[in-house]
Amino acid sequence: MDKVLIGDILHKVRKENPLVHNITNVVVTNFTANGLLALGASPVMAYAPEEVGDMAKIAGALVLNMGTLNSATVESMIIAGKSANDHGVPVIFDPVGAGATPYRTEMAGRIMREVKISIIRGNAGEIANIAGFQAEVKGVDAGNVQGNQIDLAITAARKLQTIIVVTGKEDVITDGITTFVGRNGHPILTKVTGTGCLLTSVIGAFAAVEKNLLAAAASAVTAYGIAAELAAERTASKGPGNFQMEFLDQLASVSGQHVIEKAFIEQREGE
Ligand code: ATP
Ligand code: TZP
Ligand code: MG
Ligand code: MG
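Nothing here was measured: the structure is a model prediction, and the numbers come from that model. (Residues numbered from 1 in each chain as written. Chains lettered and ligands numbered in written order. Predicted model: local features only at pLDDT ≥ 70, side-chain atom pairs only at ≥ 80, totals over all residues. Heavy atoms only, no water.)

Novice: I keep staring at the packing of aromatic side chains and nothing clicks. Help me out?
Specialist: A ring pair, where both rings are aromatic, is described by two values, the distance of the centres and the angle of the planes. Applying the stated criterion across every chain yields a total of two aromatic pairs. Their ring planes at 85° and their centres at 5.0 Å tell us that Tyr-224 and Phe-247 sit as a pair that is edge-to-face. Residue Tyr-224 is located in helix α9 (residues 213-235), and its partner Phe-247 is located in helix α10 (residues 240-253); the two are separated by 23 residues in the primary sequence. Overall, the relative accessible area of 0% leaves Phe-247 in the buried class. With a centroid separation of 5.5 Å and 10° between ring planes, the pair formed by Phe-243 and Phe-247 is classed as stacked. Here Phe-247 and Phe-243 lie together in helix α10, a separation of four residues that amounts to about one turn. Both residues of the pair, Phe-243 and Phe-247, belong to the buried class. Through pairs of rings, three or more aromatic residues link up here, namely Tyr-224, Phe-243 and Phe-247. Between Lys-159 and the ring centre of Phe-133, over which it is positioned, the NZ or CZ distance is 5.0 Å. (Phe/Tyr/Trp six-rings, centres within 6.5 Å; stacked < 30°, edge-to-face > 60°. Helix = DSSP H or I, 4+ residues; strand = E, 2+ residues; numbered from the N terminus. Buried < 20%, exposed > 50% of the residue type's maximum accessible area, 1.4 Å probe, protein only. Lys NZ or Arg CZ within 6 Å of the ring centre and 35° of its normal.)

Written out as structure tokens, the structure is:
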């Protein structure tokens, strides 16, 4: 992956300030809005079935996040998703906790059937479950998933006909044909709730400004991981609280130059 391109897309997010419509969970709502603002995007959270269609059609991207799902939000997600589809707005899906309960797995399936999803981001357990494999999910956290994460991502992308981003120690970004593996990030990200959800929304911001959605997703994952590294360098010894605040600051200041210096993302040969 060209590091200059990653910096260019990051720059476009800040220049174009895209509107990102999030239907997300109650745990991460404020953190997601602040993270998108810090990065240079414009967040909006809107849930009412009466308005989600209108909001989604004027957004640069729609992010659907299953974290604290209920029957009303599922209906809103489907209305918003269909409107986004009709108006050429990319839809990014975070199947939080898929596999943890039958309800979550079923609703993930329903959302994916009724809405054309451009990019799905989740941990390995969530992605395995939505692709139809049994895998351990502990609440909303990845359980101990056996097997190769790259193979899992490629299989899921082919089966679900969408771009898949599997995150963890290594991140895999694939459309089933072209695959990138990234190694930016820091383990302290797992000690702050919502860092996966915020990443999904950041992918939305990148997808809003870059038509090549695979490049958008890979660039978002890389820039986000580098911001986390910069924040961890300054605060990891103090703990997750200080890290969380510093991470917002680093999302605001991570630059193309940082990407050149720190990006670790490589393309894997396909079959
Ligand atoms: P989980 O609930 O299992 O933590 P999640 O939805 O919060 O999943 P993560 O997989 O934790 O999402 O990904 C969020 C961010 O944290 C990504 O940028 C990812 O690269 C990073 N990350 C996760 N684990 C590690 C790790 N061990 N080392 C470095 N970065 C990590
Ligand atoms: N419970 C329901 S949603 C949620 C929790 C703790 C937040 C999950 O955030 P992330 O980004 O997947 O860690
Ligand atoms: Mg997490
Ligand atoms: Mg998550």
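Now, onward.
Novice: Any chance you could explain the sheet that holds strand β8 (residues 163-167) here in plain terms?
Specialist: Two orientations exist for strands paired in a sheet by backbone hydrogen bonds: parallel and antiparallel. Judged by pairing direction, the sheet is mixed, and its nine strands sit side by side in the order β2-β1-β3-β4-β5-β8-β9-β10-β11 without closing on themselves. If you trace the sheet from one side to the other, it starts and ends with β2 (42-45) and β11 (265-268), each paired once. Geometrically, the sheet is characterised by an average inter-axis angle of 20° between neighbouring strands, direction not taken into account. (Pairing = 2+ DSSP bridges. Axes fitted to C-alpha atoms, helices over the stretch in contact; angles between N-to-C directions.)

Novice: How should the packing of α9 against α10 be read in this particular structure?
Specialist: Between α9 and α10, the shortest axis-to-axis distance is 8 Å and the interhelical angle comes to 130°. As judged from the angle between their axes, α9 and α10 are oblique. Judged by the twist between their axes, the crossing of α9 over α10 is right-handed. Residue-level inspection shows Tyr-224, Ala-227, Ala-228, Leu-230, Ala-231, Ala-232, Arg-234 and Thr-235 of α9 in contact with α10, the latter providing Asn-242, Phe-243, Glu-246, Phe-247, Gln-250 and Leu-251. Classifying every residue of the contact of α9 with α10 by side-chain character gives nine nonpolar, three polar and two charged. (Parallel < 35°, antiparallel > 145°, perpendicular 65-115°, else oblique. Left-handed = near helix turned anticlockwise from the far one by under 90°. Contact = heavy atoms within 4.5 Å. Nonpolar A, V, L, I, M, F, W, Y, C, P; charged D, E, K, R; others polar.)

Novice: Explain the nonpolar core here, please?
Specialist: For soluble globular proteins, the rule of thumb is that nonpolar side chains tend to be buried together. Ile-119, Ile-173, Ile-203, Phe-206, Phe-243 and Phe-247 are the most contacted members of the largest nonpolar core, which totals 51 residues. Listing elements by their share of this core, those giving two or more residues are α1 (3-16), α2 (29-39), β8, α8 (195-209), α9 and α10. Dropping the residues within four chain positions of it, Ile-119 is found in contact with Val-91, Ile-92, Phe-93, Thr-162, Ile-163, Val-165, Ile-203, Ala-207, Leu-213 and Ala-217. (Core = buried A, V, L, I, M, F, W, Y, C linked by side-chain atoms within 4.5 Å.)

Novice: Looking at this structure, how should I read the pairing of strand β5 (residues 119-123)?
Specialist: Both faces of the sheet carry side chains from a regular strand, because those side chains alternate between them. Burial within β5 is extensive, with five of its five residues counted as buried. Residue alternation in β5 divides its side chains into two sets, Ile-119, Arg-121 and Asn-123 and Ile-120 and Gly-122, and both sets are buried. Direction of pairing for strand β4 (residues 91-94) relative to β5: parallel, over a ladder of two bridges. The residue bridging Ile-92 from the neighbouring strand is Ile-119, located in β5. Note on the crossover from β4 through helix α5 (residues 102-114) to β5: the handedness is right-handed. (Right-handed = clockwise from strand over helix to strand, strands pointing away.)

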